[in-house]
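Architecture and fold: a report
These are the residues of each chain, in order.
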Amino acid sequence: NVVGGSTTIGNNVWLGINSTINQLLSIGESCFIGSGTLVSKSFSSHRLVVGSPARSIARVCHCRSRLSVEENFVECPKCHSKYKLIGESLILQEI
């Protein structure tokens, strides 16, 4: 049996050297996947993902700065982009 399918990778995703992403997964926009990371599950947007197996260790802005998510609204300390937390996803607010 051959299992087919596609992996979806969002916009502005950075993949570290020698990272592996299994098929049938989804990587949200502005995720950063560390070098040597084995991604075997899907991740929502704006995540810093490392390890084998992969785990999310932080939320990140599209400018690559770490975000401190404590409430439903977050502002990047570096570029001042504003996000709203909806479920597990950070959504960039219109400027």
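Here we summarise the structure given alongside this text. (Residues numbered from 1 in each chain as written. Predicted model: local features only at pLDDT ≥ 70, side-chain atom pairs only at ≥ 80, totals over all residues. Heavy atoms only, no water.)

Regarding its fold elements, the chain presents 0 helices and 12 strands. Element order for the chain, N to C, with α for helix and β for strand: β-β-β-β-β-β-β-β-β-β-β-β. Taken over C-alpha atoms, the radius of gyration comes to 14 Å for the chain, in line with the 12 Å a tight globule of 95 residues would show. Structurally, the chain occupies a C-alpha span of about 50 × 20 × 20 Å along its principal axes. In the structure as shown, the chain presents an accessible area of about 6000 Å², 50% of it carried by carbon and sulfur atoms. (Helix = DSSP H or I, 4+ residues; strand = E, 2+ residues; numbered from the N terminus. Rg over C-alpha atoms; globule rule 2.2 N^0.38 Å. Areas by Shrake-Rupley, 256 points an atom, 1.4 Å probe, with all protein chains shown as cover.)

A separate point is the sheet that holds strand β12 (residues 89-92). Read across the open sheet, the 3 strands follow the order β10-β11-β12; overall the sheet is antiparallel. Bordering the open sheet on either side are β10 (73-75) and β12, each of which pairs with just one other strand. Pairs of neighbouring strands in the sheet enclose a mean axial angle of 35°, with direction left out of account. Where β10 lies against strand β11 (residues 82-86), 3 bridges are found, and the strand directions are antiparallel. Across the sheet, residue Glu75 finds its bridge partner in β11, namely Lys82. (Pairing = 2+ DSSP bridges. Axes fitted to C-alpha atoms, helices over the stretch in contact; angles between N-to-C directions.)

What follows covers unusual backbone geometry. Along the chain, Ser52 connects to Pro53 via a cis peptide bond; the corresponding omega equals 5°. With a phi angle near 60°, Asn12 is a residue other than glycine that sits in the positive phi range. Take Asn12: it is sitting in the loop between β1 (8-9) and β2 (14-15). We classify Asn12 as partly exposed; its relative accessible area is 36%. Despite not being glycine, Leu24 has its phi angle at roughly 65°, a positive value. On the secondary structure map, Leu24 appears in the loop between β3 (20-21) and β4 (26-27). (Buried < 20%, exposed > 50% of the residue type's maximum accessible area, 1.4 Å probe, protein only.)

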